[in-house]
Amino acid sequence: MFLEYFKPLFSILPEVKAPIHKQDFKEKLKWTAIILVLYFFLTQIPLYGLSDQAVDQFAALRAVMAGNFGSILTLGIGPIVTSSIVLQLLVGAKILKLDLSKHEDKALFQGTQKVLAIVMTVFEAGVLVFTGSLIPIDSSFLVILMIQLIIGAILIIFLDEVVSKWGFGSGVGLFIAAGVSQNIIVGAFNFLPSPTQPGVLSGMIPAFIQSIANGSPNPMILGPLIATIAVFLVAVYGESMRVEIPISHGQVKRHGRIRGSVGKYPLKFIYASNMPVILTSALLVNVSLIASVFQRIGFPILGEVDQGRAISGLAYFLTTPAASELFTYPLKVLVYAIFFIGFCILFAWLWVEMSGLNAKEVSKQLHSSGIQIPGFRSSKQQLDKIMKKYIPALTVLGGVFVGLLAFGADLTSALGGGTGVLLTVGIVYKLYEEIAQEQLMDMHPMLRKFLGE
């Protein structure tokens, strides 16, 4: 395989070493908190040489990119997620024949992803700077802007690696949740004057209280906040839904009867988590970027881009629509919805296949643990047959659910972006489960051995 030729490059790249000891809860929490503080600090470092006329081309997807426009983290997690998309599609199409259940192939995949993320960092930084999305105060600052963007994105790559190896969850998820949470809190409670409406406070709750004090209460001010709460509740409901399969665990006696504990094996309704939404949103960002590149070289085959915004062609149809376009341009909304939900299904399937969550791998793990379904013959084939009834269906239905919810939520103008709120719920929910499990194992060390930790 040609990826083998990249191995010497992997040894040259800086790497965050994994801990050689078993970390406890406090140590993981410490590293997670340190990286979170560093992330917020980096979002406040402005790009030197950036003009005030610069337009945020990806404002609608800014929460998903986990970056802060105008700072050295303008690219956010874009390069990391884009590299993941490319490799997932190549592995899913069997162009790259990697078995991610094998340690060697998984290490090759991760090394290639890091190299590709750095390549995408240079590409995306170059596109933003040299196509006019990030306007410098002078042409002499073009290269300086690009270098700052590259430094910021590479820092994010290594901060993500620190969280994955030393903290809770992943850096990608942590940064998305942090950025969205910040937007929600600032949007709801900011007491500073609005820069666009003189005399009006920026935060929705202070602005609503101000309207009451002025004798003209305006409940419509709270519309995006109410939409945020609604998206949050629906997302929590989706995260809590399970399909529970009865299982038994025990030893088989000579006469064939099974003695052991009986329980339930839960399969989440949103089986592929929210990763499909992250990947689909990143893909939309790159469509607009590539459209800018083609326009720059005189072949606007994906559409025209003006001041960082798509105004025609495929790039325009794949730009996040506003709620008003439901009535003024319903065709665009329909095309966007079909594309968004369709790719959420595709990425859900790819993610399940590549992360070892498919029916074959799950049944293999259960069988090796001595698990069987009561009333059925104890065999890996039988477990595989039963799992195939549920897992593929949950993968597709979960992809449709998160895609439809993210699409609908974005039309509501929810604080932090509808997609951002949806992702944050899933990320925080998963983080809570991981923290709770870590605390439980700290209190009962024997559980580590039982769970294979």
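Given the structure is predicted, the values throughout are model-derived calculations rather than measurements.

Cut-off values and rules
Residues numbered from 1 in each chain as written. Predicted model: local features only at pLDDT ≥ 70, side-chain atom pairs only at ≥ 80, totals over all residues. Heavy atoms only, no water. Core = buried A, V, L, I, M, F, W, Y, C linked by side-chain atoms within 4.5 Å. Buried < 20%, exposed > 50% of the residue type's maximum accessible area, 1.4 Å probe, protein only. Contact = heavy atoms within 4.5 Å. Helix = DSSP H or I, 4+ residues; strand = E, 2+ residues; numbered from the N terminus. Polar contact = N/O pair within 3.5 Å; in protein donor to acceptor, adjacent residues only side chain to side chain. 1 Å grid on protein atoms, 1.4 Å probe; cavity = no way out; pocket = protein on both sides within 12 Å on 5 of 7 lines; lining within 4 Å. Points joined across faces, edges and corners; volume = space filled by probe spheres on them. Nonpolar A, V, L, I, M, F, W, Y, C, P; charged D, E, K, R; others polar. Expected span 1.5 Å × (residues − 1). Phe/Tyr/Trp six-rings, centres within 6.5 Å; stacked < 30°, edge-to-face > 60°. Lys NZ or Arg CZ within 6 Å of the ring centre and 35° of its normal. pLDDT = per-residue confidence, 0-100.

### Some points on the nonpolar core
- Counting residues in each nonpolar core, the largest one holds 102 residues, and the members touching the most others are I77, F175, I176, V277, F340, M387 and I391.
- In contact with F340, not counting residues within four places along its chain, are V277, T280, S281, L284, G403, A406 and F407.
- With 11 residues, the next largest nonpolar core counts L87, F109, V115 and M354 among its residues.

### Notes on the side chain of S292
- Mapped onto the fold, S292 is located in helix α10 (residues 275–296).
- Under the relative-accessibility criterion, S292 is labelled buried at 6%.
- Once you skip the residues sitting within four places of it in the chain, S292 turns out to touch Q57, V127, T131 and V305.

### Structural notes on the side chain of T112
- Turning to its location among the elements, T112 is positioned in helix α5 (residues 103–130).
- A distance of 2.7 Å separates a polar atom in the side chain of T112 from the backbone oxygen of L108.
- With residues near it in sequence (within four places) discarded, T112 still touches L3, F10 and L87.

### Notes on empty space enclosed by the protein
- One pass over the structure, following the stated rule, counts 4 cavities of 30 Å³ or more.
- Quantified by volume, the largest cavity comes out at close to 80 Å³.
- For the largest cavity, the full set of lining residues is V64, M65, I77, G78, V81, T82, E124, I278, S281, A282, V285 and N286.
- Elements that contribute at least two residues to the lining of the largest cavity include exactly α3 (62–65), α4 (78–92) and α10.
- Among the elements that take part in the lining of the largest cavity, α10 stands out by supplying 5 residues, more than any other.
- Each residue belonging to the lining of the largest cavity can be placed in one class, and the counts come to 7 nonpolar, 4 polar and 1 charged.

### Let's talk about the environment of T112
- Overall, T112 belongs to the buried group, its relative accessible area being 10%.
- Between the C-alpha atoms of T112 and G398, which are 286 residues apart in sequence, the distance is 29 Å.

### A few points about the environment of I386
- As for its position among the elements, I386 is in helix α15 (residues 380–411).
- Judged by relative accessible area, I386 falls into the buried class, the value being 7%.

### Details of α5
- Here α5 contains 28 residues, and its C-alpha end-to-end distance of 40 Å stays within 8% of the 40 Å for a straight helix at 1.5 Å per residue.
- Directly after α5, the chain includes G132, whose backbone phi takes a positive value near 95°.

### A word on the packing of aromatic side chains
- One pass over the full model with this rule turns up 13 aromatic pairs.
- A centroid spacing of 5.9 Å and a plane angle of 65° characterise the contact between F317 and Y329, whose relative ring orientation is edge-to-face. A residue pair is termed long-range when its members are at least 10 positions apart, and F317 in helix α11 (residues 313–317) and Y329 in the loop between α12 (325–328) and α13 (330–354) qualify at 12 residues.
- By way of ring pairs, the aromatic residues Y39, F40 and F175 are connected into one cluster.
- Positioned above the aromatic ring of Y316 is the side chain of K332, whose terminal nitrogen or guanidinium carbon lies 4.2 Å from the ring centre.

### Quick look at the confidence of the model for the protein chain
- Per-residue confidence for the protein chain gives a mean pLDDT of 82; residues scoring 70 or more make up 91%.
- Within the protein chain, helix α6 (residues 142–166) carries the highest mean pLDDT (92), whereas helix α17 (residues 446–450) carries the lowest (47).
- Every residue in residues 252–258 is under pLDDT 50, and counting partners more than four places away or in other chains gives 7 contacts.
- In this model residues 446–452 is a low-confidence stretch, pLDDT under 50, and it forms 10 contacts with partners more than four residues away in sequence or in other chains.

### With respect to the layout of surface pockets
- The space that makes up the second largest pocket amounts to roughly 940 Å³.
- Lining the second largest pocket we find 33 residues, and of these A59, R62, N183, G416 and G417 sit closest to its centre.
- Mapped onto the lining of the second largest pocket, the elements with two or more residues apiece are α2 (25–43), α3, α7 (171–189) and α15.
- Among the elements that line the lining of the second largest pocket, the one with the most residues is α7, at 6 residues.

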